[in-house]
Amino acid sequence: MDLMLDMFMAFFGGYLLYAAVKMKRTGEVVKGVMVSKEVDLSRARDLPGYIQYMYGKTVIMAGSALACGVVGVVNDLYGGLTMVQLVMSAVFFIVVVVFGVITVKAQKKYLGS
């Protein structure tokens, strides 16, 4: 069970990284991943500002999820990294909370929702 959860976390980190790079390159924000599905992006106050503000923070979040997932998978398969995985999980939890707060504030400021 832990292996599946760790694999999902690594996949989520990779997908979030893909969504961030796509957002930066194309100027399109992936709904349901980067913003709430209820947000009407056609009425956004400053979409380029939102993309610029959130890109680096999203890359950090994605990297944290990817690293935590990969360390978890390695620990599940080979062992020996239990303490590292525990510390990374605690740090990841903090990153998720901070990222959530930043995302909500950025949506209100740049997207007007």
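Keep in mind the model is a prediction, meaning the values are calculated, not measured.

Points about the packing of aromatic side chains
In total, this model carries three aromatic pairs according to the counting rule given. Centre to centre, the rings of Tyr-53 and Tyr-110 are 5.5 Å apart; their planes meet at 35°, and the pair counts as tilted. Here the residue Tyr-53 occupies a position in helix H2 (residues 47-78), and Tyr-110 occupies one in helix H3 (residues 82-111), the gap between them amounting to 57 residues. Overall, the relative accessible area of 33% leaves Tyr-53 in the partly exposed class. Residue class for Tyr-110 comes out buried when judged on its relative accessible area of 13%.

Description of the environment of Val-91
Positionally, Val-91 belongs in helix H3. Here the alpha-carbon distance between Val-91 and Met-7, two residues 84 residues apart in the chain, equals 18 Å.

Notes on H2
Helical geometry note: an α-helix holds 3.6 residues per turn, so side chains three or four residues apart project in the same direction. The first and last C-alpha atoms of H2 sit 44 Å apart over 32 residues, in line with the 46 Å expected at 1.5 Å per residue. Remark: the principal bend of H2, roughly 35°, maps to Met-54. Two to three positions downstream of the cap, the backbone nitrogen of Gly-49 sits 3.0 Å from a side-chain oxygen, assigning the N-cap of H2 to Asp-46. In the segment just after H2, Gly-79 is the residue with positive phi, at about 80°.

Remarks on the environment of Arg-25
Note on placement: Arg-25 falls in helix H1 (residues 2-26). The sequence separation of Arg-25 and Ile-51 amounts to 26 residues, and the corresponding C-alpha distance is 9.8 Å.

Things to note about the nonpolar core
Inside soluble globular proteins, nonpolar side chains tend to come together where they are buried. Counting residues in hydrophobic clusters, the biggest one holds 22 residues, and the most contacted among them are Val-29, Met-34, Val-35 and Tyr-50. Looking at this core, the elements with two or more residues in it are H1, H2 and H3. No other element matches the seven residues that H2 contributes to this core. For Val-29, the contacting residues outside a window of four places in its chain are Met-23, Met-34, Val-35, Leu-41, Leu-47, Tyr-50 and Ile-51.

Brief notes about the packing of H1 against H2
With their axes 7 Å apart at the nearest point, H1 and H2 run at an angle of 155° to one another. Between H1 and H2, the interaxial angle falls into the category roughly antiparallel. The interaxial crossing formed by H1 with H2 has left-handed handedness. Looking at the contact of H1 with H2 residue by residue, the classes come out as 22 nonpolar, five polar and four charged.

Some remarks on H3
Between its first and last C-alpha atoms H3 spans 41 Å; for 30 residues at 1.5 Å apiece the expected length is 44 Å, and the two agree. Contacts made by the buried residues of H3 are with H1 and H2. Just beyond H3, the residue with positive phi is Gly-112, at close to 70°.

Calculation criteria
Residues numbered from 1 in each chain as written. Predicted model: local features only at pLDDT ≥ 70, side-chain atom pairs only at ≥ 80, totals over all residues. Heavy atoms only, no water. Phe/Tyr/Trp six-rings, centres within 6.5 Å; stacked < 30°, edge-to-face > 60°. Helix = DSSP H or I, 4+ residues; strand = E, 2+ residues; numbered from the N terminus. Buried < 20%, exposed > 50% of the residue type's maximum accessible area, 1.4 Å probe, protein only. Expected span 1.5 Å × (residues − 1). Bend = angle between axes of the 7 residues up to and from the residue. Polar contact = N/O pair within 3.5 Å; in protein donor to acceptor, adjacent residues only side chain to side chain. Core = buried A, V, L, I, M, F, W, Y, C linked by side-chain atoms within 4.5 Å. Contact = heavy atoms within 4.5 Å. Axes fitted to C-alpha atoms, helices over the stretch in contact; angles between N-to-C directions. Parallel < 35°, antiparallel > 145°, perpendicular 65-115°, else oblique. Left-handed = near helix turned anticlockwise from the far one by under 90°. Nonpolar A, V, L, I, M, F, W, Y, C, P; charged D, E, K, R; others polar.

The values reported here are purely geometric and, on their own, carry no functional implication.
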